[in-house]
Number of protein chains: 2
Amino acid sequence: MTLEEARLAVAVASGRSPGSLLLRNAQLLNVFTGTIEPTHILVAGRFIAAVGESVADADAAEVIDLGGAHLAPGLIDGHLHIESSLVTPDTYAAAILPRGVTGVVWDPHEIGNVAGVPGIRWVLEQSEGLPLDVWLTVPSCVPSTPLETTGATLGLAEIESLLAHPRVVGVAEIMSFPAVIEGDSENLGKALLAEAYRKSPEGHAPSLSGRDLQTYLATGIASDHESTTLAEGLEKLQSGVFLMVREGSVTRNLEALLPLVEPRHGDRIGFVTDDRLPHDLLDEGGVDFLVRRAIHGGVDPVYAVRCASFNVARHYRLPRRGAIAPGYLADLVVLDDLDTFRAATVYKAGKRVAEGGRLEATPARGPADPAAVTGTVTLPPLTEASFRIGAVGREVRCIRALPDQVLTEELRVEPTVRDGAVVADPERDLLKLACIERHGKTGNVGLGLVTGFGLRAGALAGTVGHDHHNLLAVGVSDRDLLVACRRLEELGGGVVAVADGEVLAELALPLAGLVTAEPLPAVRAKLDALEAAATSLGNRLPSPYMTLSFLGLAVIPELRLTDRGLVDVRRGELVPLATGP
Amino acid sequence: MTLEEARLAVAVASGRSPGSLLLRNAQLLNVFTGTIEPTHILVAGRFIAAVGESVADADAAEVIDLGGAHLAPGLIDGHLHIESSLVTPDTYAAAILPRGVTGVVWDPHEIGNVAGVPGIRWVLEQSEGLPLDVWLTVPSCVPSTPLETTGATLGLAEIESLLAHPRVVGVAEIMSFPAVIEGDSENLGKALLAEAYRKSPEGHAPSLSGRDLQTYLATGIASDHESTTLAEGLEKLQSGVFLMVREGSVTRNLEALLPLVEPRHGDRIGFVTDDRLPHDLLDEGGVDFLVRRAIHGGVDPVYAVRCASFNVARHYRLPRRGAIAPGYLADLVVLDDLDTFRAATVYKAGKRVAEGGRLEATPARGPADPAAVTGTVTLPPLTEASFRIGAVGREVRCIRALPDQVLTEELRVEPTVRDGAVVADPERDLLKLACIERHGKTGNVGLGLVTGFGLRAGALAGTVGHDHHNLLAVGVSDRDLLVACRRLEELGGGVVAVADGEVLAELALPLAGLVTAEPLPAVRAKLDALEAAATSLGNRLPSPYMTLSFLGLAVIPELRLTDRGLVDVRRGELVPLATGP
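Every residue gets a number counted from 1 within its own chain, in the order that chain's sequence is written. Key to labels: chains lettered from A, ligands numbered from 1, both in the order written. The model is predicted, so local features are restricted to residues of pLDDT at least 70 and side-chain atom pairs to those at 80 or more, both for listing and for counting; the totals for chains, interfaces and linings are taken over all residues. Values shown for side chains rest on all heavy atoms present in the structure; no hydrogens or waters enter the calculation.

## Considerations on the overall build of chain A
Strands here are runs of E lasting at least two residues and helices are runs of H or I lasting at least four, both read from the DSSP assignment and numbered beginning at the N terminus. Counting secondary structure elements, chain A contains 16 helices and 31 strands. Throughout, radius of gyration means the C-alpha value; the globule benchmark is 2.2 Å times the number of residues raised to the power 0.38. Relative to the globule expectation of 25 Å for 581 residues, the C-alpha radius of gyration of chain A, 25 Å, shows essentially globular dimensions. Across its three principal axes, chain A shows a C-alpha extent of roughly 90 × 50 × 40 Å. We call a residue buried when its accessible area falls under 20% of the maximum for its residue type, exposed when it is over 50%, and partly exposed in between, using a 1.4 Å probe and counting protein chains only. Looking at chain A residue by residue over its 581 residues, the buried ones come to 66%. Excluding contacts between residues fewer than 6 apart, the proportion of contacts in chain A whose partners are at least 24 apart in sequence is 68%. When the accessible surface of chain A is summed, it comes to about 18400 Å², and 51% of that surface belongs to carbon and sulfur atoms. Contact definition: two residues touch when any of their heavy atoms are within 4.5 Å. For accessible areas, the Shrake-Rupley method is used with a probe of radius 1.4 Å. Any residue's cover is judged against the shown protein chains and nothing else.

Below you can see the structure in the form of C-alpha cells.
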C-alpha cells in the first residue's frame, strides 16, 4: 500500500471520498471468526476500505447488490509447480482466476533445474503484473542428486541471490531429507538462509516419522505437503508442521487427511495442489478443487476457505492477503452457491477479472522470452548407434513402470540379444529406454530397459524428465528413438510420439523444454493426440508420458535411468545394466 | 540458529550425539493441536531437538523425570511498557522469569519521549543477552500531542532508523487515531513503514467502532489492546484485528473479554499486560497472571497458554518461539499444577533459569548507563515565585482527579485569592498543580488547580508524567512545591513527598527520570513509604502518584496540565485557567 493508497482508503472508509465499488448484501465468509455474516463491503481502488453495516449506504462509483450471495476471499494455492500444467503463468492465471484463485506460491523447481537463476528471474518477470499474485519459493534441490546432469546448480549463493525479492517468500521444499538428517551443511544452510531473510524454509518429508521426522524438523523446516495417511498428518501437525494438504494430479491426499481439516486446527493447515496436469486444471481447477471437495466431505465451508486463503497467507506472511477486512487487498470471490463453490464473479485487487467462469480480459504476457529459457535442448550428436546396447551377460536390470505411480520396481530379466546387442523385445514388453543429456553439457546418453508400456512399435519421448529434465525416450526401434530425439531438438523441447520414422503427434514446449505459450485448450488437444498415438502403438499405461517423465527421478525408489546411467535409488548410486560380472 | 547449532540439533535428534537435557514423562501442552500429550523432550543446547516417544531413552547430559508434570512453552507478553514497573529490563527479567515468562514485546514509549532514539538504543543494549527475550516495537507517538514539550521527537526518519534491528518487531501502538482517521500522512506513513520492513504496525483504538474503526484499520494497522467490552472486542475480531486482551495495573479487561478467549478464535487472540506497577508485578506477576486468571475463568488451559505464547509469536513472527516442538527454542515451563499455573522450573534457551520461584542467577545488567538516559532532569531556574498564579478573575478551571481512573473531569470553581494570587485551599481540596518542563528545552512552567487528592499540607511530585514525562507536582505550599522540584533535580528524577521544606519519602529514578537500577523489593518499600507519607499529608486517592503521573496526559479527556498549560483534550487545544475574559 502506498501512502496515496492509504490516504484514499482512509478517505473512502470515513466517507470523505466515494469508494470505487460497494458490494451490498453479501454473506461474508469471515475467516477470523469462522462465521458467515450478512454485511457490505466498500472498496477503495486495490484495497478494502471498510466492511459492515456502517457502509450499507456508502457512496461508490459502482454499487452492486449481491442479494445475499456468499463472498469469500480470493483463494491462494500454498504450493505448486506451474510447470506441471505445461503453460506460462499468464495462461495459468487465465485458467484459474475465473475459479476464484487469486494467488499461488510457485516453486519453479523444473525451470530452475533447466535454467538456473536466469530461468527463475524469467519466472519473476513473466509473473510480474498479472492479475494473479505469483509468490515464489526458491528451488532448494537443484540438482536433486549428484547422479544426474542438470542445466544449472543452485547453491547457497544462487539461492541467496533470489531471497531478497519481495515476491520470494521462502526456500522451496527441501527434498533431500536424508542429507538433512545426516547433518549435511549445504542442506542445513538452505533452511537457515530462509530464516535469515525472515522467509519460510519449506519441507518435503514423505513418510518421515518418529525420530527421523523430529530430526528433519529440528532444523526449523516449517511445512510439509507429503502426508498420505491420517497418522502421518497428525504426527506432523503435533510436531509443529504447517500441514499442507495436497490434492494434485499425480498424488491425491485430501480424502485421507480430511479428518484433520477442522476448525480446531486453526491456522495450522493449508491447501495445495503441487502438480496439476492440463486436463485436471481445466476440468477440476486448482486449489478451488480442494475447497469444493473439502466442503463435500463435510468440512465447515468457512474453514475450508480459510485453509486455502488466510492460513496460507499467514504461513508465508503474504501482506494483506487471505481475508475480507479493512486494509486487505480486495481479492473477492462472489459465489453462486456455497456447496458447489462455483465463482460467479471474481475481483482481483478491486477489479472485476472474471464473471460466470469467463475472464474479463486475457492476462498480458510478460516480456519476450530471453535466452535463459529458449534453446535449452542441445543434444549430443546422435545416430542410431547411440542407442545400441552391447550384449552384457545373461541377466540385466529392467525398470518396471507402474500404472499411475511415481514408484518403480527393479526387475532382473534375461536380455533379448540380436547381432551382439541387447534389443527391445515387444513380445516380452521389454522396451529400450534412453536418457539423453540435453543441456549441452556432458552429452551423456544413459541406456536401459523398461517394461510396463506395452508398445508394439515406435517411440515416445519428451524433454520433461524429473528432476533434471533430460530427454527421456522409450521405444522399440533405435531409428524411431533417434527420430523422436531429433524432432524434440528441432522443437526446442516438448513431447512426441513417433512410428516408422514419422512423427505421429507432438506438443512443442519451447520454453525451457517444459512449457509452452499456447493456450490450455490447444495443449489439451495435442496431449489427447499424443495419448491416442501412444495407444495406437500399443501403450497400456494410463498416462504414458507422465510415467515416462518420472523414469529419470533418481530420488524415489526403486530403479531409475538418468543421463549417467541406471540408478539404484535405495543405495543412492549408479549401477550397471548387467547384474553379473 | 547458527549452522553449528543446526548440525548439533540434527545430531542430537537423530541420536548420533547426546543431548544436553532430556525431560522425561511430561504432559506437554501442545499449542498446535490444543491437546495435552504425555511425551518426552530432548534438548540440544538452546534448541529443542526432538519430542516424542522415540526419544524416551535418548542419551543426554542431564535427564530429568518430570513424573507427569505439565510442560508449557515459555510465555510471551504481547505488549507492555517495562517503564511502568519503574525498573530496568534485567530487574524486570528477574521478577518475571521465575513465573514462566520468557519473552516480552516492549514498547519503550516513556523512554522514547524522554531520550529519543539514543534512549531506545540504550534499551536495546540493556536488554541484549538477557535470559528474557526482549523484543521492541518502536514508539510511534513521540510526542503524543503538539501541546507538550518532550525530550525528543520520533519522526518517520527516527522510526525507520530503528526498524531494521532484529529485535524490533513493529511500530508501536499508533495512538493518534483521530489523525489516522483524518488521513494524516505522518501517521499513515508510520504504519506503512512497518509494513515496508515486513514488521507489524500496532494499534490503539479505544472505543472505536463502526466506520471509525474500519477507517483506522484500512491503513493495515494489525492489532489493538484497548477493548473494554465484549461487543468492542468482537467487532475488532471480526474486522481482522489481532485482539490483545489486556490485564494491566491501570486497566483490566480480561474479565470483560473472557468469552472471546476460545479455541475457535485460534491464532487471533493474544494476552498482554501493557502496564504493571511494581506491587502488581511482585504480587500477581506479568502475563502469567492472565493465563492463570483465564484458566480460573474456564478457558481451556492449552488455549490460555497459546494466547500468551504461540499466538503472540505468530503475530510478530518471533522466530522459533511459542511452542514446544523440534527446532523451537527450548523455552520451557514445568508447572506444579495446571490450575494454579505456578512455574516449578523454568528453562530459557535450554538453560534452567529458575526453580521453585527463585532465579538460578541474577541476570547481568547491560553496559553502563550512557548519557542518553542519565542527567535527564534539567529544570528552569525556580523560585517560590515560579509557582505563583496571578489572580485571574472570578471563575477558573480545575482538574478533578478521579480514584483509580486515567480520566479526569473539568470543574469550574471560584479561586481562593490571597495577596493578589490564586492559592491552594486545602479546606476546599483545591491544590496547586505544576507541570515543569524538565528536558532542558523550553523551561516552561504550567500551573493550574486540582481537586481530589485532599492534601492538607506539603507536596507530592514526580518526573513520571505521561506521555511527555515533565515534572508534575501537586501541593499546598509553593515552598514545598519548590523543595520537591529541587530534590527531583538532585536525584536526576524520581518521586518525592515533601512537607515543611523536608523530604518525607522518595524514590530516585535516575534513568531517564523513569526507572531505577534498584531491585523491585527496594522499589516497593520506597513506594510504600511514599504512599504512607502522602496519607500522612491527607491524601485520599488510592494511588496518588500514579494519578498524578496521568494528570499531564493530553490525549485522554477531559482537562490536563502540560508544561504549556491547561489542555482541553476534547477540543485538542490549550485553554487559560480563567474561564472569563
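## A short note on the pattern of salt bridges
All names here are of chain B. Here, a salt bridge means any Lys or Arg side-chain nitrogen found within 4 Å of an Asp or Glu carboxyl oxygen. Under the counting rule described, the total for this entry stands at 81 salt bridges over all chains. Among the salt bridges present, the one from arginine 397 reaches glutamate 410, with a minimum N-O distance of 3.1 Å. You can see arginine 397 sitting in strand β19 (residues 396-401) and its partner glutamate 410 sitting in strand β20 (residues 408-413), a full 13 residues away along the chain. On the basis of relative accessible area, arginine 397 is assigned to the buried category, the value being 8%.

## Comments concerning the interface of chain B and chain A
Accessible area lost on assembly of the parts is the figure often given for the size of an interface. Each partner contributes residues to the interface: chain B has 63 residues there, and chain A has 63 residues. Between chain B and chain A the total buried area reaches about 5400 Å² when both faces are included, carbon and sulfur atoms providing 48% of it. By buried area we mean how much accessible surface two parts lose on assembly, using a 1.4 Å probe and totalling the loss over both. When the buried area of chain B at its contact with chain A is split by residue, Arg198, Arg211 and Arg317 of chain B rank highest and sum to 16% of it. The residue glutamate 195 of chain A makes a salt bridge to arginine 320 of chain B at a minimum N-O spacing of 2.8 Å. Under this definition, polar contacts are N or O atom pairs within 3.5 Å; protein pairs additionally need one hydrogen-donor-capable and one acceptor-capable atom, and for neighbouring residues in sequence, both atoms have to be side-chain atoms. Taken together, the connections running from chain B to chain A amount to 35 residue pairs in polar contact (both at pLDDT 80 or more). Taken together, the elements giving at least two residues each to the side of chain B that touches chain A come down to α1 (3-14), β2 (35-44), β3 (47-51), α5 (177-181), α6 (185-196), α7 (210-217), α8 (230-238) and α13 (310-316) of chain B. No other element matches α1 of chain B, which puts eight residues into the side of chain B that touches chain A. Amino acids are sorted into nonpolar (Ala, Val, Leu, Ile, Met, Phe, Trp, Tyr, Cys and Pro), charged (Asp, Glu, Lys and Arg) and polar (every other residue, Gly among them). Per-class residue counts for the side of chain B that touches chain A are 27 nonpolar, 21 polar and 15 charged.

## So, helix α15 (residues 520-536) of chain A
Residue and element names in this part refer to chain A. Taking 1.5 Å as the rise per residue, α15 with 17 residues should run 24 Å; its terminal C-alpha atoms sit 24 Å apart, in good agreement. Listed in full, the buried residues belonging to α15 are Leu520, Val523, Leu527, Leu530, Ala533 and Ala534. Buried positions in α15, seen along its axis, are confined to an arc of 140 degrees and lie on one side of it. Residues of α15 that are exposed and point more than 90 degrees away from the buried face comprise Pro521, Thr535 and Ser536. Tucked inside the fold, the buried residues of α15 contact α2 (89-96), α10 (278-283), β25 (459-462), β27 (494-499), β28 (502-508) and α16 (544-550). Trailing α15 by a residue or two, glycine 538 shows a phi angle of about 105 degrees, which is positive. Given a helix with a known number of residues, its expected span is that number minus one, times 1.5 Å. This arc describes the spread of directions from the helix axis toward the C-beta atoms.

## Brief notes about the pairing of strand β14 (residues 332-337) of chain B
Residues and elements named next belong to chain B. Examined bridge by bridge, strand β5 (residues 70-73) and β14 share four bridges and lie antiparallel to one another. The residue of β14 that forms the bridge with leucine 71 is valine 334. At least two DSSP bridges between two strands are needed for those strands to be called paired. What sits between the antiparallel neighbours β14 and strand β15 (residues 342-348) is a turn of four residues, in which phenylalanine 341 has the positive phi angle 50 degrees.

## Here's the deal with the side chain of threonine 562 of chain B
Position of threonine 562 of chain B among the secondary structure elements: in strand β29 (residues 559-562). Within the structure, the side chain of threonine 562 of chain B is placed 2.7 Å from the backbone oxygen of leucine 147 of chain B, a separation counted as a polar contact.

## What to know about the sheet that holds β28 of chain A
Residues and elements named next belong to chain A. Spatial ordering of the open sheet is given by β20-β19-β24-β23-β26-β25-β27-β28, a layout of eight strands whose pairing is mixed. The sheet terminates laterally at β20 (408-413) and β28, the two strands that pair on one side only. Taking each pair of neighbouring strands and ignoring which way they run, the sheet shows an average axis angle of 25 degrees. Two strands pair when backbone bridges link them, and strand β19 (residues 396-401) and strand β24 (residues 445-451) are joined in this way by two bridges, in the parallel orientation. In this analysis an axis means a line fitted to C-alpha atoms, helices contributing only their contacting stretch, and an angle means the value between N-to-C directions, from 0 to 180 degrees.

## Here's the deal with the relation of the copies chain B and chain A
Screw-axis analysis of chain B against chain A gives a translation of 0.0 Å along the axis, an RMSD of 0.1 Å, and a rotation angle of 180 degrees. Taken together, the rotation angle and the small translation identify this as a two-fold axis. Proximity to the rotation axis, assessed at the C-alpha, singles out glycine 266 of chain B in chain B; its C-alpha lies 2.5 Å from the axis. Of the interface residues in chain B, 100% have counterparts in chain A that sit at the interface too, so the contact is made through matching surfaces. Residues reaching a pLDDT of at least 70 in both copies supply the C-alpha atoms on which the copies are superposed by least squares.

## Focus on unusual backbone geometry
In this chain, proline 557 of chain A is followed by glutamate 558 of chain A through a cis amide linkage whose omega measures 20 degrees. Checked against the element boundaries, glutamate 558 of chain A lands in the loop between α16 and β29 (559-562). A cis amide bond links valine 142 of chain B with the next residue in sequence, proline 143 of chain B, at an omega value of 0 degrees. Within the element layout of this structure, proline 143 of chain B appears in the loop between β8 (133-138) and α4 (156-163). Positioned with a positive phi, phenylalanine 341 of chain A is a non-glycine residue whose angle comes to about 50 degrees.

## Section: the confidence of the model for chain A
Averaged over chain A, the pLDDT score is 96; the fraction of residues at 70 or greater is 100%. Across the interfaces of the predicted complex, the ipTM metric reaches 0.95, alongside a pTM of 0.96. For every residue, the pLDDT score states the predictor's confidence, bounded by 0 at the bottom and 100 at the top.

## Looking at the packing of aromatic side chains
Any Phe, Tyr or Trp ring, taking Trp's six-membered ring, that has another such ring centre within 6.5 Å forms a pair; planes under 30 degrees apart are called stacked, those over 60 apart edge-to-face, and the others tilted. Counted under the stated rule, the structure contains four aromatic pairs over all chains. Ring geometry for phenylalanine 32 of chain B versus tyrosine 328 of chain B: centroids 6.0 Å apart, planes at 65 degrees, classification edge-to-face. Of this pair, phenylalanine 32 of chain B sits in the loop between β1 (19-30) and β2 while tyrosine 328 of chain B sits in the loop between α13 and β14, and the two are 296 residues apart along the sequence. Judged by relative accessible area, which is 1%, phenylalanine 32 of chain B ranks as buried. With relative accessibility at 15%, the residue tyrosine 328 of chain B sits in the buried group. Chaining the aromatic ring pairs together yields one cluster made of Phe32, Phe310 and Tyr328 of chain A.

## Overview of the packing of helix α6 (residues 185-196) of chain A against α1 of chain B
The geometry of α6 of chain A relative to α1 of chain B is characterised by a closest axis approach of 10 Å and an angle of 115 degrees between their N-to-C directions. Read as a crossing pair, α6 of chain A and α1 of chain B show a hand that is right-handed. Residues Ser185, Leu188, Gly189 and Leu192 of chain A of α6 of chain A form the contact with α1 of chain B, whose participating residues are Leu3, Ala6, Arg7 and Val10 of chain B. Partitioned by chemical class, the residues of the contact of α6 of chain A with α1 of chain B number five nonpolar, two polar and one charged. Take the far helix as your reference; a near helix turned counterclockwise from it by less than a right angle gives a left-handed crossing, and one turned clockwise gives a right-handed crossing.

## Quick word on the environment of methionine 546 of chain B
Residue and element names in this part refer to chain B. Inspection of the secondary structure puts methionine 546 in helix α16 (residues 544-550). The class for methionine 546 is buried, based on a relative accessible area of 16%. Sequence-distant contacts of methionine 546, defined by excluding residues within four places in its chain, comprise Val250 and Leu277.

## Concerning the sheet that holds strand β13 (residues 269-272) of chain B
Residues and elements named next belong to chain B. The three strands lie next to each other as β11-β12-β13, forming an open sheet whose pairing is parallel. At either end of the open sheet lies a strand with only one pairing partner, and these are β11 (223-224) and β13. As judged from the two bridges shared by β11 and strand β12 (residues 242-246), these two strands associate in the parallel manner. In the sheet register, serine 223 faces β12, and the bridge partner there is phenylalanine 242. Lying on the sheet, helix α11 (residues 287-296) is in contact with β12 and β13; it crosses β13 at an angle near 125 degrees.

## Digging into helix α14 (residues 478-491) of chain A
Note that an α-helix has 3.6 residues per turn; residues three or four places apart therefore point the same way. Residue and element names in this part refer to chain A. Here α14 spans 20 Å end to end across 14 residues, near enough to the 20 Å set by a 1.5 Å rise per residue. All buried positions along α14 are accounted for by Asp478, Asp480, Leu481, Leu482, Ala484, Cys485, Leu488 and Leu491. Where α14 is buried, its residues contact β23 (431-436), β25, β26 (471-475), β27 and β28. Positive phi appears at glycine 492, one or two residues downstream of α14, with a value of about 75 degrees.

## Here we look at the side chain of threonine 150 of chain B
By secondary structure assignment, the location of threonine 150 of chain B is in the loop between β8 and α4. Here the side chain of threonine 150 of chain B touches alanine 152 of chain B through a polar contact of 2.6 Å, landing on its backbone oxygen.

## Considerations on the pairing of strand β24 (residues 445-451) of chain B
Residue and element names in this part refer to chain B. Within β24, six of the seven residues are buried, leaving the element largely enclosed by the surrounding structure. Pairing between strand β23 (residues 431-436) and β24: six bridges, direction antiparallel. Counterpart to leucine 433 in the pairing with β24 is glycine 448.

## Quick word on the nonpolar core
Only buried Ala, Val, Leu, Ile, Met, Phe, Trp, Tyr and Cys residues count toward a nonpolar core, and they belong to the same one when joined by side-chain atoms within 4.5 Å. Counting residues in each nonpolar core, the largest one holds 166 residues, and the members touching the most others are Phe271 and Phe453 of chain B. Per element, the largest residue contribution to this core is eight residues, and it comes from helix α3 (residues 109-126) of chain B. With 165 residues, the next largest nonpolar core counts Ile181, Leu290, Leu527 and Leu548 of chain A among its residues.

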